[in-house]
Every structure is written in structure tokens, then in C-alpha cells.
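Structural features, examined
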Amino acid sequence: MNYNFSSDTNEEKSKKKKIQKEFDNKPTPAFIGASWVALVAGMLAFCVGLSNAAMLLNEKGYYLTILLFGLFSAVSVQKNVRDRLEGTEVTDMYYGISWFAALASITLLVIGLWNADLELSEKGFYGMSFTLSLFAAIAVQKNTRDKKYIESTEEV
């Protein structure tokens, strides 16, 4: 039997070099669809929950604003992180503001739910639909960015 150990040097191993392939990172239609469904489902669930909640209108407005603020800031963070990875210049100020806004939206939701006169199950519902929406917004932004990048490289 021919046993090969990691410490052994082998001519075949030295001759073989890693073949670097350029993979098509285009997201699949299934992943794109799932991302959009998750985004719409999270947002709709959050909004339907708000419309059925026994809250004052100003409380409903607060939670809706937090959802919109969170979605925008999550997409902004994803875009900034991606821009930096691709070598596109992003100012430290805008990068920091994006992260601050994302963390602020999550913090404001947690504080609002902590102090809300809601059942624990309702608080969990809002927290989970908010989290689903943020994650899905990031996935949709990533898919959009990946598709655009792949299409731009195919044209050249």
C-alpha cells in the first residue's frame, strides 16, 4: 500500500499547482427569489402586525420609521462594505455613519420593545420580522450588486 503523509514531498504534489478559476458568482434565480420573498414577508408581517396592534398612532409611526430606517441603514452598510472590498473609495465618515445608523435602528427597536406595553410574544414577533427584513434587505442588495458586476464583466 502506498501511504502519503503530509510531511512527505512528492513530485506529483510539487508539479501540481492550484488552478485558479474565475467562478461565475452570479446569484441563482432561486436565491434571488428567496431573498425578495423574505424581504417582502418580513416587511408585510411587521406592517400587518402594526396595523392590527392596539397602539396609538404615534407608536405605530415610531415602529414603522424604525423599520424603514433599519432597512436603509442595512443596505447602506452592505454597500459600503462591498465598495471597500472592491477598492472603491468610501470615506471613513460615511462608513461610520452607516454603521452607527444600523446599530442605532436596532438599539431603538430594542428600547422601544423593552418599554412597550405588549405581550412577550408580540415583542418577539416584531423583533423577528424586523431581523428577517434587515437580513433580507442585505441579501437583496448583495444579489443586485453581484448581478450587476457579472453583467458588466460579461459585456467587456
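Residues numbered from 1 in each chain as written. Predicted model: local features only at pLDDT ≥ 70, side-chain atom pairs only at ≥ 80, totals over all residues. Heavy atoms only, no water.

**Quick word on the nonpolar core**
Ranked by internal contacts, the top residues of the largest apolar core, which has 20 residues, are F46, M55, Y63, L109, Y126 and F130. Every element with two or more residues in this core is listed here: α2 (29–52), α3 (57–86), α4 (92–115) and α5 (120–155). With six residues, the single largest contributor to this core is α5. For F130, the contacting residues outside a window of four places in its chain are F46, I66, L67, G70, S105, I106 and L109. (Core = buried A, V, L, I, M, F, W, Y, C linked by side-chain atoms within 4.5 Å. Buried < 20%, exposed > 50% of the residue type's maximum accessible area, 1.4 Å probe, protein only. Helix = DSSP H or I, 4+ residues; strand = E, 2+ residues; numbered from the N terminus. Contact = heavy atoms within 4.5 Å.)

**Quick word on the packing of α3 against α4**
Closest axis-to-axis distance for the α3/α4 pair is 8 Å, and the angle between their directions is 150°. Relative to α4, the element α3 is oriented roughly antiparallel. Seen from above, α3 lies across α4 with left-handed handedness. Looking at the contact of α3 with α4, its residues break down into 15 nonpolar, seven polar and two charged. (Axes fitted to C-alpha atoms, helices over the stretch in contact; angles between N-to-C directions. Parallel < 35°, antiparallel > 145°, perpendicular 65-115°, else oblique. Left-handed = near helix turned anticlockwise from the far one by under 90°. Nonpolar A, V, L, I, M, F, W, Y, C, P; charged D, E, K, R; others polar.)

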